[in-house]
Protein chains: 2
Amino acid sequence: MSPAIGRPARSGVPAAGGPGRIVLGGPPRADDRAGGPGDADGPVGRARPVVDEAADLSDIAFGPDGLVVTVVQEFATREVLMVAHMDAEALRRTLESGRTWFWSRSRQEYWCKGETSGDRQWVRKVSYDCDGDAVLVEVEQDGRGACHTGARTCFYRAFGGEG
Amino acid sequence: MSPAIGRPARSGVPAAGGPGRIVLGGPPRADDRAGGPGDADGPVGRARPVVDEAADLSDIAFGPDGLVVTVVQEFATREVLMVAHMDAEALRRTLESGRTWFWSRSRQEYWCKGETSGDRQWVRKVSYDCDGDAVLVEVEQDGRGACHTGARTCFYRAFGGEG
(Lines give C-alpha, C1' and ligand atoms only; values in the text may rest on other atoms or scores of the structure.)
Protein backbone atom coordinates (compact mmCIF):
# COMPACT_ATOMS: atom_id res chain seq x y z
CA MET A 1 0.00 0.00 0.00
CA SER A 2 1.33 3.36 -0.92
CA PRO A 3 0.33 6.20 1.27
CA ALA A 4 -1.85 8.84 -0.29
CA ILE A 5 0.49 11.49 -1.57
CA GLY A 6 -0.33 14.66 -3.36
CA ARG A 7 1.52 13.96 -6.55
CA PRO A 8 2.86 10.96 -8.39
CA ALA A 9 6.36 9.68 -7.91
CA ARG A 10 8.66 11.37 -10.36
CA SER A 11 11.78 9.33 -9.79
CA GLY A 12 13.79 9.11 -12.94
CA VAL A 13 11.77 11.85 -14.58
CA PRO A 14 13.89 14.86 -15.47
CA ALA A 15 12.73 17.99 -13.70
CA ALA A 16 12.79 21.50 -15.03
CA GLY A 17 16.45 21.84 -14.08
CA GLY A 18 17.51 20.26 -17.32
CA PRO A 19 17.67 16.97 -19.13
CA GLY A 20 18.78 14.07 -16.97
CA ARG A 21 18.65 16.11 -13.81
CA ILE A 22 16.41 15.76 -10.85
CA VAL A 23 16.11 18.79 -8.68
CA LEU A 24 15.93 17.69 -5.07
CA GLY A 25 15.18 19.61 -1.96
CA GLY A 26 14.84 23.34 -2.04
CA PRO A 27 12.05 25.39 -0.57
CA PRO A 28 8.76 23.58 -0.08
CA ARG A 29 6.28 24.07 -2.85
CA ALA A 30 2.57 24.48 -2.34
CA ASP A 31 1.82 21.00 -3.60
CA ASP A 32 4.32 19.52 -1.16
CA ARG A 33 2.33 20.74 1.77
CA ALA A 34 -0.63 18.49 1.22
CA GLY A 35 0.26 14.87 1.77
CA GLY A 36 3.86 15.24 0.71
CA PRO A 37 6.85 13.99 2.67
CA GLY A 38 7.12 17.23 4.61
CA ASP A 39 3.90 16.49 6.40
CA ALA A 40 5.47 13.78 8.51
CA ASP A 41 7.07 16.55 10.50
CA GLY A 42 4.16 18.83 10.96
CA PRO A 43 6.32 21.90 11.38
CA VAL A 44 9.50 21.34 9.42
CA GLY A 45 11.57 21.80 12.56
CA ARG A 46 15.11 20.55 12.23
CA ALA A 47 14.64 19.14 8.77
CA ARG A 48 17.25 20.18 6.23
CA PRO A 49 16.38 18.97 2.76
CA VAL A 50 19.35 17.85 0.70
CA VAL A 51 19.57 20.37 -2.10
CA ASP A 52 21.44 19.03 -5.07
CA GLU A 53 20.84 20.48 -8.51
CA ALA A 54 22.88 17.73 -10.09
CA ALA A 55 21.56 14.86 -8.02
CA ASP A 56 20.89 11.99 -10.31
CA LEU A 57 19.12 9.01 -8.86
CA SER A 58 20.31 7.00 -11.84
CA ASP A 59 23.62 6.71 -9.98
CA ILE A 60 21.76 4.40 -7.63
CA ALA A 61 21.63 0.78 -8.70
CA PHE A 62 18.32 -0.34 -7.28
CA GLY A 63 18.08 -4.13 -7.18
CA PRO A 64 15.66 -6.34 -9.09
CA ASP A 65 13.17 -5.70 -6.26
CA GLY A 66 13.56 -1.94 -6.76
CA LEU A 67 15.33 -1.51 -3.43
CA VAL A 68 18.72 -0.31 -2.26
CA VAL A 69 20.27 -1.22 1.09
CA THR A 70 20.53 1.80 3.35
CA VAL A 71 22.78 2.18 6.36
CA VAL A 72 21.82 4.81 8.91
CA GLN A 73 24.65 6.25 10.98
CA GLU A 74 24.50 8.82 13.75
CA PHE A 75 26.16 11.97 12.47
CA ALA A 76 27.91 13.06 15.67
CA THR A 77 29.01 9.75 17.19
CA ARG A 78 29.28 7.80 13.91
CA GLU A 79 27.48 4.90 15.54
CA VAL A 80 25.78 2.62 13.02
CA LEU A 81 22.14 2.68 14.07
CA MET A 82 20.23 0.51 11.63
CA VAL A 83 19.98 -0.96 8.17
CA ALA A 84 16.82 -0.68 6.09
CA HIS A 85 15.74 -0.43 2.46
CA MET A 86 14.72 2.41 0.18
CA ASP A 87 13.17 2.44 -3.23
CA ALA A 88 13.56 5.47 -5.48
CA GLU A 89 10.51 7.14 -3.99
CA ALA A 90 11.72 6.65 -0.41
CA LEU A 91 15.11 8.06 -1.36
CA ARG A 92 13.51 11.04 -3.04
CA ARG A 93 11.35 11.69 0.02
CA THR A 94 14.37 11.40 2.28
CA LEU A 95 16.33 13.95 0.27
CA GLU A 96 13.42 16.33 -0.07
CA SER A 97 12.05 16.15 3.46
CA GLY A 98 15.26 15.80 5.47
CA ARG A 99 13.69 12.89 7.33
CA THR A 100 14.41 9.21 6.72
CA TRP A 101 11.89 7.32 4.60
CA PHE A 102 12.12 3.60 3.90
CA TRP A 103 10.22 0.87 2.17
CA SER A 104 9.06 -1.86 4.53
CA ARG A 105 9.40 -5.23 2.84
CA SER A 106 7.31 -6.95 5.51
CA ARG A 107 4.47 -4.42 5.52
CA GLN A 108 4.86 -3.46 1.86
CA GLU A 109 4.52 0.21 2.61
CA TYR A 110 6.53 3.38 3.07
CA TRP A 111 7.45 4.42 6.55
CA CYS A 112 8.97 7.57 7.93
CA LYS A 113 11.27 6.67 10.80
CA GLY A 114 10.01 7.87 14.14
CA GLU A 115 6.61 8.92 12.88
CA THR A 116 4.93 6.52 15.30
CA SER A 117 7.59 6.24 18.02
CA GLY A 118 8.82 9.82 18.00
CA ASP A 119 12.36 8.53 17.48
CA ARG A 120 12.84 10.73 14.42
CA GLN A 121 15.95 10.93 12.28
CA TRP A 122 17.07 14.26 10.86
CA VAL A 123 19.14 13.85 7.74
CA ARG A 124 22.54 15.51 7.66
CA LYS A 125 24.23 13.75 4.75
CA VAL A 126 23.32 11.13 2.15
CA SER A 127 26.15 9.24 0.45
CA TYR A 128 26.23 6.23 -1.88
CA ASP A 129 28.88 3.70 -2.59
CA CYS A 130 31.13 3.03 -5.57
CA ASP A 131 28.71 0.54 -7.10
CA GLY A 132 25.68 2.66 -6.26
CA ASP A 133 24.08 -0.33 -4.58
CA ALA A 134 24.23 0.95 -1.01
CA VAL A 135 23.22 4.27 0.54
CA LEU A 136 24.58 5.79 3.75
CA VAL A 137 22.42 8.29 5.59
CA GLU A 138 23.95 10.27 8.44
CA VAL A 139 21.37 11.57 10.87
CA GLU A 140 20.67 13.26 14.14
CA GLN A 141 18.70 10.69 16.11
CA ASP A 142 15.82 11.78 18.32
CA GLY A 143 14.39 9.99 21.31
CA ARG A 144 15.58 6.71 22.74
CA GLY A 145 17.28 5.60 19.57
CA ALA A 146 16.79 3.83 16.29
CA CYS A 147 15.73 0.35 17.38
CA HIS A 148 12.12 -0.69 17.93
CA THR A 149 13.33 -2.58 21.02
CA GLY A 150 14.26 0.71 22.68
CA ALA A 151 17.98 0.19 22.15
CA ARG A 152 20.03 3.07 20.82
CA THR A 153 21.26 0.99 17.89
CA CYS A 154 19.77 -2.10 16.31
CA PHE A 155 23.25 -3.66 16.54
CA TYR A 156 23.14 -4.37 20.28
CA ARG A 157 24.21 -8.01 20.01
CA ALA A 158 27.70 -9.19 19.14
CA PHE A 159 29.43 -12.49 18.67
CA GLY A 160 31.79 -12.93 21.57
CA GLY A 161 29.33 -11.31 23.96
CA GLU A 162 30.59 -7.73 23.69
CA GLY A 163 27.34 -6.42 22.29
CA MET B 1 32.97 -21.42 -7.77
CA SER B 2 33.94 -22.25 -4.25
CA PRO B 3 37.60 -22.08 -3.40
CA ALA B 4 39.28 -25.36 -2.59
CA ILE B 5 39.03 -25.66 1.14
CA GLY B 6 40.31 -28.43 3.34
CA ARG B 7 36.99 -29.41 4.84
CA PRO B 8 33.36 -29.06 4.05
CA ALA B 9 31.30 -26.13 5.21
CA ARG B 10 29.67 -26.94 8.48
CA SER B 11 27.38 -24.00 8.78
CA GLY B 12 24.38 -24.88 10.83
CA VAL B 13 25.89 -28.13 11.98
CA PRO B 14 26.29 -28.30 15.74
CA ALA B 15 29.88 -28.70 16.82
CA ALA B 16 31.15 -30.71 19.75
CA GLY B 17 30.36 -27.85 22.11
CA GLY B 18 26.79 -29.01 22.50
CA PRO B 19 23.49 -29.27 20.73
CA GLY B 20 22.55 -26.19 18.77
CA ARG B 21 25.88 -24.54 19.39
CA ILE B 22 28.59 -23.70 16.96
CA VAL B 23 32.01 -23.21 18.44
CA LEU B 24 33.69 -20.37 16.63
CA GLY B 25 37.22 -19.18 16.76
CA GLY B 26 39.63 -20.56 19.30
CA PRO B 27 43.11 -21.89 18.67
CA PRO B 28 43.77 -23.03 15.12
CA ARG B 29 43.38 -26.74 14.61
CA ALA B 30 45.64 -28.84 12.43
CA ASP B 31 43.00 -29.18 9.74
CA ASP B 32 42.54 -25.42 9.59
CA ARG B 33 46.09 -24.93 8.45
CA ALA B 34 45.66 -26.58 5.09
CA GLY B 35 43.37 -24.60 2.88
CA GLY B 36 41.24 -23.17 5.68
CA PRO B 37 40.37 -19.51 6.07
CA GLY B 38 43.49 -18.83 8.11
CA ASP B 39 45.63 -19.39 5.06
CA ALA B 40 44.58 -16.11 3.52
CA ASP B 41 46.90 -14.48 6.03
CA GLY B 42 49.90 -16.70 5.68
CA PRO B 43 51.14 -15.94 9.16
CA VAL B 44 48.15 -15.11 11.33
CA GLY B 45 49.55 -11.68 12.11
CA ARG B 46 47.02 -9.29 13.57
CA ALA B 47 44.11 -11.69 13.20
CA ARG B 48 42.01 -12.14 16.29
CA PRO B 49 39.41 -14.85 15.82
CA VAL B 50 36.09 -14.12 17.48
CA VAL B 51 35.80 -16.74 20.20
CA ASP B 52 32.24 -17.33 21.23
CA GLU B 53 31.20 -20.61 22.75
CA ALA B 54 27.56 -19.66 22.53
CA ALA B 55 27.66 -18.15 19.08
CA ASP B 56 24.65 -19.33 17.22
CA LEU B 57 24.45 -18.53 13.55
CA SER B 58 20.75 -19.31 13.71
CA ASP B 59 20.34 -15.79 15.11
CA ILE B 60 21.20 -14.62 11.62
CA ALA B 61 18.27 -14.41 9.22
CA PHE B 62 19.92 -15.14 5.91
CA GLY B 63 17.70 -14.12 3.01
CA PRO B 64 16.14 -16.37 0.40
CA ASP B 65 19.42 -16.11 -1.50
CA GLY B 66 21.32 -17.32 1.58
CA LEU B 67 22.94 -13.93 2.11
CA VAL B 68 22.99 -11.30 4.81
CA VAL B 69 23.88 -7.65 4.25
CA THR B 70 27.13 -6.76 5.97
CA VAL B 71 28.31 -3.28 6.86
CA VAL B 72 32.03 -2.82 7.43
CA GLN B 73 33.04 0.02 9.72
CA GLU B 74 36.50 1.17 10.72
CA PHE B 75 36.95 0.37 14.40
CA ALA B 76 38.94 3.44 15.41
CA THR B 77 37.35 6.20 13.33
CA ARG B 78 33.87 4.60 13.00
CA GLU B 79 33.88 5.49 9.32
CA VAL B 80 31.56 3.27 7.29
CA LEU B 81 33.86 1.70 4.72
CA MET B 82 31.76 -0.63 2.59
CA VAL B 83 28.70 -2.83 2.33
CA ALA B 84 28.92 -6.40 1.07
CA HIS B 85 27.22 -9.76 1.55
CA MET B 86 28.00 -12.87 3.54
CA ASP B 87 26.51 -16.32 3.51
CA ALA B 88 26.82 -18.57 6.55
CA GLU B 89 30.15 -19.92 5.41
CA ALA B 90 31.62 -16.45 4.84
CA LEU B 91 30.43 -15.39 8.29
CA ARG B 92 31.92 -18.49 9.87
CA ARG B 93 35.24 -17.85 8.10
CA THR B 94 35.18 -14.21 9.22
CA LEU B 95 34.66 -15.17 12.85
CA GLU B 96 37.21 -17.96 12.78
CA SER B 97 39.94 -16.22 10.81
CA GLY B 98 39.64 -12.66 12.08
CA ARG B 99 39.65 -11.48 8.46
CA THR B 100 36.63 -10.38 6.45
CA TRP B 101 35.16 -12.94 4.06
CA PHE B 102 32.28 -12.20 1.73
CA TRP B 103 30.25 -13.84 -1.00
CA SER B 104 30.56 -12.10 -4.32
CA ARG B 105 27.21 -12.13 -6.07
CA SER B 106 28.75 -11.02 -9.36
CA ARG B 107 31.58 -13.55 -9.37
CA GLN B 108 29.66 -16.21 -7.43
CA GLU B 109 32.61 -16.96 -5.21
CA TYR B 110 34.01 -16.29 -1.76
CA TRP B 111 36.52 -13.51 -1.38
CA CYS B 112 38.74 -12.48 1.46
CA LYS B 113 39.01 -8.69 1.52
CA GLY B 114 42.48 -7.46 0.66
CA GLU B 115 43.80 -10.82 -0.43
CA THR B 116 44.55 -9.44 -3.88
CA SER B 117 44.96 -5.73 -3.12
CA GLY B 118 46.69 -6.01 0.23
CA ASP B 119 44.01 -3.78 1.72
CA ARG B 120 43.20 -6.30 4.43
CA GLN B 121 40.61 -5.92 7.15
CA TRP B 122 41.33 -7.21 10.65
CA VAL B 123 38.17 -8.01 12.54
CA ARG B 124 37.68 -6.40 15.93
CA LYS B 125 33.98 -6.89 16.54
CA VAL B 126 31.06 -8.58 14.79
CA SER B 127 27.52 -7.46 15.72
CA TYR B 128 24.12 -8.19 14.25
CA ASP B 129 20.89 -6.29 14.31
CA CYS B 130 17.58 -6.82 16.09
CA ASP B 131 16.08 -8.72 13.15
CA GLY B 132 19.28 -10.65 12.51
CA ASP B 133 19.16 -9.57 8.89
CA ALA B 134 22.19 -7.30 8.93
CA VAL B 135 25.72 -7.79 10.23
CA LEU B 136 28.14 -5.08 11.32
CA VAL B 137 31.86 -5.86 11.24
CA GLU B 138 34.26 -3.41 12.85
CA VAL B 139 37.77 -3.69 11.47
CA GLU B 140 41.23 -2.26 11.36
CA GLN B 141 41.72 -1.36 7.71
CA ASP B 142 45.08 -1.94 6.05
CA GLY B 143 46.50 -0.18 3.02
CA ARG B 144 44.79 2.56 1.05
CA GLY B 145 41.33 1.69 2.19
CA ALA B 146 38.33 -0.45 1.50
CA CYS B 147 37.30 0.69 -1.96
CA HIS B 148 38.55 -0.89 -5.16
CA THR B 149 38.82 2.64 -6.59
CA GLY B 150 41.56 3.46 -4.11
CA ALA B 151 39.30 5.58 -1.93
CA ARG B 152 39.35 5.08 1.80
CA THR B 153 35.62 4.38 1.89
CA CYS B 154 33.30 3.20 -0.85
CA PHE B 155 30.93 6.03 0.18
CA TYR B 156 32.94 8.84 -1.41
CA ARG B 157 30.00 10.40 -3.25
CA ALA B 158 27.18 12.31 -1.62
CA PHE B 159 24.04 14.05 -2.74
CA GLY B 160 24.59 17.74 -2.30
CA GLY B 161 28.22 17.41 -3.36
CA GLU B 162 29.75 17.00 0.07
CA GLY B 163 31.10 13.50 -0.66
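Notes on the structure in this doc start here.

Quick notes on the rules
- Residues numbered from 1 in each chain as written.
- Chains lettered and ligands numbered in written order.
- Predicted model: local features only at pLDDT ≥ 70, side-chain atom pairs only at ≥ 80, totals over all residues.
- Heavy atoms only, no water.
- Helix = DSSP H or I, 4+ residues; strand = E, 2+ residues; numbered from the N terminus.
- Buried < 20%, exposed > 50% of the residue type's maximum accessible area, 1.4 Å probe, protein only.
- Contact = heavy atoms within 4.5 Å.
- Core = buried A, V, L, I, M, F, W, Y, C linked by side-chain atoms within 4.5 Å.
- Least-squares fit on C-alpha atoms with pLDDT ≥ 70 in both.
- Salt bridge = Lys/Arg side-chain N within 4 Å of Asp/Glu carboxyl O.
- Polar contact = N/O pair within 3.5 Å; in protein donor to acceptor, adjacent residues only side chain to side chain.
- Nonpolar A, V, L, I, M, F, W, Y, C, P; charged D, E, K, R; others polar.
- Pairing = 2+ DSSP bridges.
- Phe/Tyr/Trp six-rings, centres within 6.5 Å; stacked < 30°, edge-to-face > 60°.
- Lys NZ or Arg CZ within 6 Å of the ring centre and 35° of its normal.
- Axes fitted to C-alpha atoms, helices over the stretch in contact; angles between N-to-C directions.

What to know about the overall build of chain A
- When its secondary structure is counted, chain A shows two helices and seven strands.
- Taken from the N to the C terminus, the helices and strands of chain A come in the order α-β-β-α-β-β-β-β-β.
- In chain A, buried positions account for 51% of the 163 residues.
- Considering only residue pairs separated by 6 or more positions, chain A has 53% of its internal contacts joining residues 24 or more positions apart.

Considerations on the nonpolar core
- Core analysis: the biggest nonpolar cluster contains 74 residues, and Val 126 and Phe 159 of chain A together with Val 126 and Phe 159 of chain B have the highest contact counts within it.
- Contacts of Val 126 of chain A, omitting those with residues within four sequence positions, involve Val 50, Leu 91, Leu 95, Val 135, Leu 136 and Val 137 of chain A together with Arg 157, Ala 158 and Phe 159 of chain B.

Comments concerning the relation of the copies chain A and chain B
- For the match of chain A to chain B, the screw axis carries a shift of 0.0 Å, the RMSD comes to 0.0 Å, and the turn is 180 degrees. Taken together, the turn and the small shift mark the pair as related by a two-fold rotation axis. Within chain A, the C-alpha atom positioned nearest to the axis of rotation is that of Arg 78 of chain A, 2.8 Å from it.
- When the interface residues of chain A are mapped onto chain B, 100% of them again fall at the interface, so both copies present the same face.

A word on the interface of chain A and chain B
- Counting residues at the interface gives 45 residues for chain A and 45 residues for chain B.
- At the boundary of chain A and chain B, one finds two salt bridges.
- Between Asp 133 of chain B and Arg 105 of chain A there is a salt bridge whose closest N-O contact spans 3.7 Å.
- Across the contact surface, chain A and chain B share 13 residue pairs in polar contact (both at pLDDT 80 or more).
- Elements with a minimum of two residues in the side of chain A that touches chain B: β1 (68-74), β2 (80-86), α2 (88-97), β5 (121-128), β6 (134-141) and β7 (157-158) of chain A.
- It is β5 of chain A that contributes the most residues to the side of chain A that touches chain B, four residues altogether.
- Of the residues belonging to the side of chain A that touches chain B, the class tally is 24 nonpolar, nine polar and twelve charged.
- The pairing of β7 of chain A with strand β5 (residues 121-128) of chain B spans two bridges and is classified as antiparallel. Following the sheet pairing, Arg 157 of chain A is matched in β5 of chain B by Tyr 128 of chain B.

Side note on helix α1 (residues 88-97) of chain B
Residue and element names in this part refer to chain B.
- Burial within α1 is extensive, with ten of its ten residues counted as buried.
- Along α1, the residues that are buried comprise Ala 88, Glu 89, Ala 90, Leu 91, Arg 92, Arg 93, Thr 94, Leu 95, Glu 96 and Ser 97.
- In this structure, the buried residues of α1 make contact with β2 (80-86), β3 (101-104), β4 (109-112) and β5.
- Measuring from the backbone nitrogen of Glu 89 back to the side-chain oxygen at the start of α1 gives 3.2 Å, which picks out Asp 87 as the cap.
- Two residues or fewer past α1, Gly 98 is found with a positive phi of approximately 75 degrees.

As for the packing of aromatic side chains
- Scanning all chains against the criterion turns up six aromatic pairs over all chains.
- Seen from their ring centres, Tyr 128 of chain A and Phe 159 of chain B are 5.0 Å apart, and the 40 degrees between their planes marks the pair as tilted. Highlighted residues: Tyr 128 of chain A in strand β5 and Phe 159 of chain B in strand β7 (residues 157-159), drawn from two different chains. The pair formed by Tyr 128 of chain A and Phe 159 of chain B is uniform in burial state, with each residue classed as buried.
- Lying over the aromatic face of Trp 101 of chain A, Arg 93 of chain A brings its terminal NZ or CZ to 4.5 Å of the ring centre.
- Between the NZ or CZ atom of Arg 93 of chain A and the centre of the ring of Tyr 110 of chain A, over which it lies, the distance is 4.5 Å.

Focus: the sheet that holds β1 of chain A
- Here we have five strands laid out as an open sheet, ordered β2(A)-β1(A)-β6(A)-β5(A)-β7(B), and mixed in their pairing. On the outer flanks of this sheet lie β2 of chain A together with β7 of chain B, each paired with one strand and no other. Strand-to-strand twist of the sheet, defined as the mean angle between neighbouring strand axes without regard to direction, takes the value 30 degrees.
- Summarising the sheet, β1 of chain A and β2 of chain A pair through six bridges and their orientation is antiparallel. Across the sheet, residue Thr 70 of chain A finds its bridge partner in β2 of chain A, namely Ala 84 of chain A.

Considerations on the sheet that holds strand β6 (residues 134-141) of chain B
- Sheet architecture is open: five strands sit in the order β7(A)-β5(B)-β6(B)-β1(B)-β2(B), paired in mixed fashion. Either end of the sheet is taken by a strand with one partner, and the two such strands are β7 of chain A together with β2 of chain B.
- Here β5 of chain B runs beside β6 of chain B; their pairing, made up of seven bridges, is antiparallel. The residue bridging Val 123 of chain B from the neighbouring strand is Val 139 of chain B, located in β6 of chain B.

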